[in-house]
Amino acid sequence: MTTTTDPLFAQQWHLSVIGNIAKVWDDYTGAGVTVAVYDDGLQFTHSDLQANYDSSKHFSFGGITYAPVPQTTDDAHGTACAGLIAAVADNGKGGAGVAYGATLTGLDYLNDLQFAYDWDSQTTSALYDAAMRWAAGFDIMSNSWGTLPDFSYQLNLNEAGNSSAVDAGHFAWVSAIGRGGLGTIVVKAAGNETMNANGDGANVSRHTITVAATEADGVAAYYSNHGSAILLSAPAASVTTDLAGSQGYAAGDYTTTFGGTSAATPVIAGVTALMLDANAGLGWRDVQSILAMSASHTGSALGSGPGATEVGRWLTMGGEQWNAGGSIYHMSYGFGMVDAYAAVRMAEVWSRLYGAAHTSANELHVSKAYGGSVVAIADTDGNNSTPEARISLGVTEDIEIDSVQVTLSIDHSYGQDLVIYLRSPTGEQIALFDREGGSASGFGATVFDGGVTWTFAGEAFRGMGSQGTWQILVHDRAAGDTGTVTEARLDFYGSANSANDVYHFTDDFRMLRNLQADRAVIGDANGGTDWLNFAAMAGNLFVNMAAGGAVKVNGTQLATIEAGVAEFERLQAGDGADTLFGNVLSNRIFGGRGNDRLAGGKGADLLVGESGGDRLTGGGGADIFEFRRGFGQDRITDWTDGSDTLRLDDALWGGGMTATEVVAGFGAVISGSVVLSFSAAMVLTLNGVSDLNALVDDITIV
């Protein structure tokens, strides 16, 4: 596994928190991925950043080029963020960025351009709009900035022209236009005020990856903002680049005291760069889904109460396609700690699992508004389990949810009394607003006094279906005040719900299986063509796809396939030395890395060993075996002439050859079997055929 020789690498504790990044670096460094850093400047002449910096992409407007030169000796924030993303590795200086091969360009948003938006009149400008949309020229937009989430007028998405509404519009634009329509990935810090991130509309935007922060032990940082707008968390990394010399956070060129959600955000930006290096064809919605589904449990135990710095406890959401059950979500962590290894392994195979990228162009939207009379919010009845107001919304359309937005018009004389939940048709509920306000918050307790329309994010429902009756529950938890709900609307965004399902597994499966016994049986009840995706799991995998078959990791059985009839057609394995058996259906089995054994069963199967030295057995049926550049020394054990097909990647020889020429140029008969040797490392042996000419008609070149 790849590590670096940089002198501060051993102190970069955050790298050990985010999964097996050293293994990721064996293949990916973020090379070719561009990141725009919106901050307080960026010292691009820094010796640990300069080689990864592209000044040719500096923002220009009206004949002025806005080079992000730090304007004061204290403007070190952007330089620190940049180092966490892509500090140069193995140069004998400092540490290494998460994506140390990525390319950076900075924008001094906080000094040069933030105030091109007029906060007093809540009016944007051509300069501000151009600066925000400049991000569409990059793969990733990293934003370690934000505003106190105090539910103020300026931060309301429902007030056209307000700062958050304007920013959310720009985030939507770059998500639609960037990367040739795949979308620029927008990463944003949740903030450091120990408040509900929903109070800043820019965090609520479904186009942002809103990031919470943890300490080195994976526990929520005391200051990190929280709530249903959080997608995932990352460590508040501290060791990174600083302004050179005596300027910045400390004397010297590096700091060991950086932190906050400002530090967690560039960690996510770096992991995203690694993902795009692995699969440049991901849409912005794909990236969000992968980060959520690959995140790992962190902090307090599932089933326990909240830790001292946590808000709420881990919740199990609906669905059955994540670790043989529903995903888990926490107000302090979102879907959990970013896992670079799991995210990159999922990214590698994502297009195989889902086909076309998920982008703005193919995003579906379902909206359901409340059309009834005004709903009174009674004063508390003293029973916290009974809501003082309830609104039910029946949704007939069924999409697979990426995100939910909940818009409420509330008038209440003391908002700090209120807790507002969204409950799904299957009973899972998430707090959108939880007694926010009071003197400690900095904005008082009357956020809804006089009537306010506010939009909240519901990230936790990702992967669930929209169809059914949803409920908005308003609880009054203190005596003395009343109010009303005058309007309510749910907006669901996502993709068409299909019977063709993908069941994802991560290393959390072991823990979840022990806590929730119903995860021990993996089944699919709705038909379709279904995947078992183990790409993100470490260890040696054993999977028998037959009804009642076992699922083991490192020899320990974790689950069985549902008994009865075969339900799964496709299987993706991971990095281990895996043993994979098909069933009576026509299977597609991909071995991933490692020296694997693949056996197809009775159907007409596709077997692809991928990297490593693999043994492939088709079994009954007319099978297809695939061999590509980068594969290892594979053996087909039961080739059937005239029935089976061999797919060969023309990159094995550089293209321009027919099947006859390939067999003549690379084939030989050794010990009674045909052997195709494309290099010392890439060799395919076919047991069952000893005639080179007989093989020609069974080869397809791809």
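The written sequence of each chain sets the order in which its residues are numbered from 1. Restriction of local features to residues with pLDDT of at least 70 applies here, the model being predicted, together with a cutoff of 80 or more for giving and counting side-chain atom pairs; totals for whole chains, interfaces and linings are based on all residues. Only hydrogens and water are set aside when side-chain values are computed; all heavy atoms of the structure are taken into account.

Every helix listed is a DSSP run of H or I at least four residues long, and every strand listed is a run of E at least two residues long, numbered separately from the N terminus. Looking only at helices and strands, the chain has 13 helices and 40 strands in total. The C-alpha atoms of the chain give 27 Å as radius of gyration, which agrees with the globular expectation for 702 residues (27 Å, within 12%). Along the first, second and third principal axes, the C-alpha set of the chain runs to 90 × 60 × 40 Å. Buried means the residue's accessible area, taken with a 1.4 Å probe over protein chains only, is under 20% of the maximum for its type, while exposed means over 50%, and partly exposed covers the values in between. Buried residues in the chain amount to 58% of all 702 residues. By definition in these notes, contact holds between two residues if any of their heavy atoms fall within 4.5 Å. When contacts within the chain are restricted to residue pairs at least 6 apart in sequence, those whose partners lie at least 24 apart make up 67%. Per-residue and other accessible areas follow the Shrake-Rupley method at a 1.4 Å probe size, with only the shown protein chains counted as cover for residues. Only carbon and sulfur atoms are counted for the fraction: they give 48% of the accessible area of the chain, which is about 23,600 Å². Based on C-alpha atoms, the radius of gyration is set beside the globule rule, defined as 2.2 Å times the residue count to the power 0.38.

Once that is clear, we can look at empty space enclosed by the protein. Here a cavity is any set of points on a 1 Å grid over the protein atoms alone where a 1.4 Å probe fits but cannot get out, and a pocket is any open set with protein on both sides within 12 Å along at least 5 of 7 lines; a residue lines the site when it has an atom within 4 Å of a point. Grid points are joined across faces, edges and corners, and a volume is the space filled by probe spheres set on the points. For the coordinates displayed, the defined rule picks out five cavities of 30 Å³ or more. Space inside the largest cavity adds up to approximately 100 Å³. If you trace the largest cavity, you find 14 residues lining it, with Tyr109, Trp119, Trp145, Thr147 and Asp167 closest to the centre. When residues of the lining of the largest cavity are assigned to their parent elements, the largest contribution, three residues, is made by helix α6 (residues 163–177).

Each pair of strands is called paired provided DSSP finds at least two bridges between the two strands. Across the sheet, which stays open at both edges, the eight strands sit in the order β22-β24-β28-β30-β32-β34-β36-β40 with parallel pairing between neighbours. Of all strands in the sheet, those bounded by a partner on one side alone are β22 (502–504) and β40 (699–701). In this sheet, adjacent strand axes meet at a mean angle of 15° when their direction is disregarded. The pairing of strand β28 (residues 570–572) with strand β30 (residues 588–590) spans three bridges and is classified as parallel. Interaxial angles span 0 to 180 degrees and are taken between N-to-C directions of axes, which are lines fitted to C-alpha atoms, for helices over the stretch in contact.

This next bit is on the UniProt feature "active site" (unreviewed entry) in the chain. UniProt positions are given in the numbering used here, feature names are shortened, and annotations may be inferred rather than shown by experiment. Taking the numbering used here, the UniProt-annotated feature "active site" (unreviewed entry) corresponds to Asp39, His77 and Ser262. Over a stretch of 224 residues, the named residues converge on one spot in the fold, their C-alpha atoms separated by at most 9.8 Å. Among the residues examined, histidine 77 registers a relative accessible area of 17% and is labelled buried. Not counting residues up to four positions away in its chain, the partners in contact with histidine 77 are Asp39, Asp40, Ser144, Tyr249, Phe258 and Ser262. Along the chain, serine 262 falls in helix α8 (residues 261–278). Any pair of nitrogen or oxygen atoms within 3.5 Å is treated as a polar contact; in protein, a donor-acceptor pairing is required on top of that, and neighbouring residues in sequence qualify only through side-chain atoms on both sides. Only 2.9 Å separates the side chain of serine 262 from the side chain of histidine 77, close enough to count as a polar contact.

The calculated volume of the largest pocket comes to roughly 1,000 Å³. Lining the largest pocket are 45 residues, with Gln321, Glu400, Gly463, Asn497 and Asp501 positioned closest to its centre. Side-chain classes follow a simple rule in which Ala, Val, Leu, Ile, Met, Phe, Trp, Tyr, Cys and Pro form the nonpolar group, Asp, Glu, Lys and Arg form the charged group, and the remainder, Gly included, forms the polar group. For the lining of the largest pocket, a count of residues per class yields 14 nonpolar, 20 polar and 11 charged. Estimates place the volume of the second largest pocket at around 460 Å³. Taken together, 27 residues line the second largest pocket, and the ones lying closest to its centre are Val349, Arg352, Gly592, Glu610 and Phe631. Ranked by residue count, the leading element in the lining of the second largest pocket is helix α10 (residues 340–354), at four residues. For the lining of the second largest pocket, the class distribution of residues is nine nonpolar, five polar and 13 charged.

This paragraph deals with the packing of helix α5 (residues 126–133) against α6. When two helices pack together, you describe them by how their axes are tilted relative to each other and by the distance separating the axes. Contact pair α5 / α6: the axes reach a minimum separation of 9 Å and the direction vectors enclose 40°. Taken together, the axes of α5 and α6 are oblique relative to one another. Between α5 and α6 lies a crossing whose hand is right-handed. Here α5 contributes Tyr128, Asp129, Met132 and Arg133 to the contact with α6, which in turn contributes Val166, Asp167, His170, Phe171, Trp173 and Val174. Of the residues in the contact of α5 with α6, the class split is six nonpolar, one polar and three charged. Should an angle lie under 35 degrees it is considered roughly parallel, over 145 roughly antiparallel, and from 65 to 115 roughly perpendicular; all remaining angles are considered oblique. By convention the crossing between two helices is left-handed if the near helix lies anticlockwise of the far one by an angle smaller than a right angle, and right-handed if it lies clockwise.

On to the pairing of strand β26 (residues 550–553). In this structure, strand β25 (residues 541–544) lies alongside β26, joined through three bridges in antiparallel fashion. Paired with leucine 541 across the bridge in β26 is valine 553. The antiparallel hairpin formed by β25 and β26 contains five residues in its connecting segment, where glycine 548 sits at a positive phi of about 85°. Relative to strand β27 (residues 556–561), β26 runs antiparallel, the two sharing four bridges. Pairing of alanine 550 across the sheet is with threonine 560, part of β27. Hairpin connection of β26 to β27: two residues between the antiparallel strands, including asparagine 554 at a positive phi of 50°.

With that settled, consider the sheet that holds strand β18 (residues 429–434). Backbone-to-backbone hydrogen bonds pair the strands of a sheet. The strands run either parallel or antiparallel. Strands sit in the order β15-β20-β17-β18 across an open sheet of four strands; the sheet is antiparallel. Either end of the sheet is taken by a strand with one partner, and the two such strands are β15 (389–395) and β18. Here the strands of the sheet are splayed against their neighbours by 15° on average, with no regard to which way each runs. Pairing between strand β17 (residues 418–423) and β18: five bridges, direction antiparallel. Residue tyrosine 421 lies in a different strand from β18, and its bridge partner there is alanine 431.

What follows covers the pattern of salt bridges. For this document, the term salt bridge refers to a Lys or Arg side-chain nitrogen within 4 Å of an Asp or Glu carboxyl oxygen. Evaluation of the coordinates by the stated rule reveals 17 salt bridges. The residue aspartate 139 makes a salt bridge to arginine 179 at a minimum N-O spacing of 3.9 Å. With aspartate 139 in the loop between α5 and β5 (140–143) and arginine 179 in the loop between α6 and β6 (185–189), this residue pair connects regions lying 40 residues apart in the sequence. For aspartate 139, a relative accessible area of 17% puts it in the buried group. Across the pair lysine 188 and aspartate 200 runs a salt bridge, and its minimum N-O distance is 3.9 Å.

What follows is about the domain arrangement of the chain. Entries for the chain in the domain assignment read domain 1 (9–278 + 288–295), domain 2 (364–496) and domain 3 (622–701). Here the limits of each domain have been adopted from an automatic or database domain assignment. Distance from the C-alpha centre of domain 1 to the C-alpha centre of domain 3: 48 Å.

Here the focus is unusual backbone geometry. A positive phi angle, close to 55°, is found at arginine 435, a residue other than glycine. Structurally, arginine 435 can be placed in the loop between β18 and β19 (452–457). Notably, serine 671 is not glycine yet its phi reads approximately 50°, a positive angle.

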